[in-house]
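Residue strings, one per chain:
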Amino acid sequence: MNLEQRLIEIEIKLTAQEDLVQELNRQVYLQQRQVDELRALCTALVKRLEQGGQDGGGADPYTHEKPPHY
């Protein structure tokens, strides 16, 4: 294999790796957005639970309802 062929193969591999890195970065970005959304949801749920115990009304009234099949 001559030098020019080796150089072409290296360039092809580099291009493939750059594409892979770009796709991995995109996946990391999307996962971070999802983590941020889930964190905000958890925070909102914790606040809701904390408020449920402080308003004097107790727990959510729907939590003690019997399911419709009873």
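Up top is the structure these notes are about.
Computed from a predicted structure; not experimentally measured.

**Student:** Before we move on, can you summarise the overall build of the protein chain with the specific residues and values?
**Tutor:** A tally of regular secondary structure across the protein chain gives one helix and zero strands. Counting only residues that meet the buried cut, the protein chain has 1% of its 70 residues in that class. Carbon and sulfur atoms make up 58% of the accessible area of the protein chain, which totals about 7000 Å².

**Student:** Let's hear about a nonpolar patch on the surface: which residues, and what values?
**Tutor:** On the surface, a nonpolar cluster with roughly 280 Å² of combined accessible area is contributed by Leu38, Leu41 and Leu45. With respect to the element layout, leucine 41 can be found in helix H1 (residues 3-54). You can call leucine 41 partly exposed: its relative accessible area is 48%.

**Student:** Can you tell me about the pattern of salt bridges, naming the residues and giving the values?
**Tutor:** Scanning all chains against the criterion turns up two salt bridges. Between arginine 39 and aspartate 36 there is a salt bridge, with its nearest N and O atoms 3.8 Å apart. Note that arginine 39 and aspartate 36 are positioned in helix H1 at a spacing of three residues, about one turn of the helix. Relative accessible area serves as the criterion here: at 52%, arginine 39 is assigned to the exposed category. Under the relative-accessibility criterion, aspartate 36 is labelled partly exposed at 38%.

The rules we used
- Residues numbered from 1 in each chain as written.
- Predicted model: local features only at pLDDT ≥ 70, side-chain atom pairs only at ≥ 80, totals over all residues.
- Heavy atoms only, no water.
- Helix = DSSP H or I, 4+ residues; strand = E, 2+ residues; numbered from the N terminus.
- Buried < 20%, exposed > 50% of the residue type's maximum accessible area, 1.4 Å probe, protein only.
- Areas by Shrake-Rupley, 256 points an atom, 1.4 Å probe, with all protein chains shown as cover.
- Patch = residues over 30% accessible without salt bridge, like charges linked within 9 Å, V, L, I, M, F, W, Y side chains within 5 Å.
- Salt bridge = Lys/Arg side-chain N within 4 Å of Asp/Glu carboxyl O.

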